Amino acid sequence: MLRLAYLGVTNAFAMLRLLPMSNRDKDAEILALRHQISVLQRQLGSQKPPFHPSDRALLAALLHRLPLGVLRNVRLLVRPDTVLRWHRDLFNRRHAARSRPKRPGRPRTVHSIRVLVLRLTRENPSWGYRRVHGELVVPGIKVAASTVWEILHDAGIDPAPDRTATTWADFLRSQADALLACDFLETITLTGARMYVFAVIEHASRRIRILGATEHPSAGWVVQTARNLVMDLEDAGCRARLLIRDRDGKFPALFDTILRDAGIEVVLSGVRMPRMNSIMERWVQTCRRELLDRTLLWNRPHLLHALRKFEQFYTGTVRIRASRTPVRCICHPYRPWTRTG
């Protein structure tokens, strides 16, 4: 812009200098200038002289009023069509600059529409962004479906299928007070006997119950542990309604029947999905690391005695943790605290 202003001022003074000159002097100067242009073109050859944007703007402003026939007879370093193209580009850029919006991008969505979209989504969890867009069109609110999607995305709201679906973590979080989990734990004594320990844990209080240990977990033994579990829950006043177990073949059909008669429904975990019974699996890992891997077990009575002591230790530690500042557990995020060893 400074260069263009400088050229405009110098040419204005040049025009003032031409006023006192006679026509004969002007013709002589024109001939001299045409000759100099011819010499310059001969020296350049096939090369094109560089023109700055200010030079193009000045030439376009001076020569665009001349007819094309007259302009073709003028001695120029460029073709007359080029000068006219410079003039058209100059006006196009000027029009584009005036037409450019002051605030780039799409216009902002009205705050009231944003609040209404979030309210419709909150009150109707099964509605997707297209359904919400259709409901907004009914009262005459003009907003695009993509805008509705952006509002939900910015607010951190998941799509309708993910919003209405219940995950396993949500199920555990909502039913923690009525959930039990059980599993078998294997260990080997010094005599080489393989012992099977049956344990049950409460999701809400993390109360662990060691119901027995045996070398041969027969169907009768497992059924008797189920009866013992029902009696223990009745004595403790526990109102459990669901029990999570895996698909181990050690559980007979009568095991589920006894629990069902007591008002406890059995929920089977998926095949090779230990995370569905993560609370029990976490306790088994803790028991192995803190007790079984560090203790020499002579026989079944010794194993039961060690497990009873560990049960008391584990329950007492859990109660201490519950009375202190909550500690978030990575394995089970829906519980504020848990036994981590």
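Residues numbered from 1 in each chain as written. Predicted model: local features only at pLDDT ≥ 70, side-chain atom pairs only at ≥ 80, totals over all residues. Heavy atoms only, no water.

A. Up close: the overall build of the chain. Looking only at helices and strands, one finds 14 helices and five strands in the chain. Put simply, the chain has 341 residues, and 34% of those count as buried. Sequence separation of at least 24 residues holds for 57% of the intrachain contacts in the chain that already meet a minimum separation of 6. Just so you have it, the chain exposes about 22,300 Å², and 56% of that area is on carbon and sulfur atoms. (Helix = DSSP H or I, 4+ residues; strand = E, 2+ residues; numbered from the N terminus. Buried < 20%, exposed > 50% of the residue type's maximum accessible area, 1.4 Å probe, protein only. Contact = heavy atoms within 4.5 Å. Areas by Shrake-Rupley, 256 points an atom, 1.4 Å probe, with all protein chains shown as cover.)

B. Looking closely at the packing of helix α11 (residues 219-236) against helix α12 (residues 253-261). With their axes 9 Å apart at the nearest point, α11 and α12 run at an angle of 15° to one another. By the angle between their axes, α11 is roughly parallel relative to α12. You can see that α11 and α12 cross each other, and the crossing is right-handed. Within the contact between the two elements, α11 uses V222, V223, A226, R227, L229 and V230 and α12 uses L254, F255, I258 and L259. Residue composition of the contact of α11 with α12, by class: nine nonpolar, no polar and one charged. (Axes fitted to C-alpha atoms, helices over the stretch in contact; angles between N-to-C directions. Parallel < 35°, antiparallel > 145°, perpendicular 65-115°, else oblique. Left-handed = near helix turned anticlockwise from the far one by under 90°. Nonpolar A, V, L, I, M, F, W, Y, C, P; charged D, E, K, R; others polar.)

C. Focus on the nonpolar core. With 29 residues, the main nonpolar core has I201, I208, M280, W283, C287 and L303 as its most contacted residues. With six residues, helix α14 (residues 300-323) is the single largest residue contributor to this core. Discounting chain neighbours no more than four positions away, the residues touching W283 are L185, A199, I201, I208, I210, F310 and Y314. Residues F184, A226, I258 and I264 belong to the second largest nonpolar core, which totals 22 residues. (Core = buried A, V, L, I, M, F, W, Y, C linked by side-chain atoms within 4.5 Å.)

D. Representation of the sheet that holds strand β4 (residues 242-245) in the model. On the basis of which strands lie adjacent, the open sheet formed by five strands has the order β3-β2-β1-β4-β5 and mixed pairing. Bordering the open sheet on either side are β3 (208-214) and β5 (265-268), each of which pairs with just one other strand. For this sheet, the mean angle separating the axes of adjacent strands, direction not counted, is 25°. The pairing of strand β1 (residues 179-188) with β4 spans three bridges and is parallel. Note that in β4 the partner of L180 across the bridge is L243. In this fold α11 packs onto β1, β2 (194-202), β3 and β4, with an angle of close to 155° to the strand it touches most, β3. (Pairing = 2+ DSSP bridges.)

E. How the structure looks around the packing of aromatic side chains. For the structure shown, the criterion picks out 10 aromatic pairs. Where F184 meets W221, the ring centres are 6.5 Å apart and the plane angle is 40°; that geometry is what we call tilted. With F184 in strand β1 and W221 in helix α11, the pair connects residues that are 37 residues apart, well separated along the chain. Of the two residues, F184 and W221, both sit in the buried class. Ring geometry for F310 versus F313: centroids 6.0 Å apart, planes at 45°, classification tilted. Taken as a pair, F310 and F313 lie in helix α14 at a separation of three residues, close to a single helical turn. (Phe/Tyr/Trp six-rings, centres within 6.5 Å; stacked < 30°, edge-to-face > 60°.)

F. Looking closely at the pairing of β5. Note that β4 and β5 share four bridges and pair parallel. From the neighbouring strand, L243 faces β5, where its bridge partner is V266. Read from β4 through α12 to β5, the crossover connection turns out right-handed. (Right-handed = clockwise from strand over helix to strand, strands pointing away.)

G. Quick look at the pattern of salt bridges. Considering all chains together, one arrives at eight salt bridges under this definition. Of the charged contacts in the structure, one is a salt bridge between R194 and E186, with a shortest N-O distance of 3.1 Å. Across the pair E311 and R308 runs a salt bridge whose closest N-O atoms are separated by 3.7 Å. On the criterion of helical spacing, the pair formed by E311 and R308 is a turn pair, its members being three residues apart in helix α14. (Salt bridge = Lys/Arg side-chain N within 4 Å of Asp/Glu carboxyl O.)

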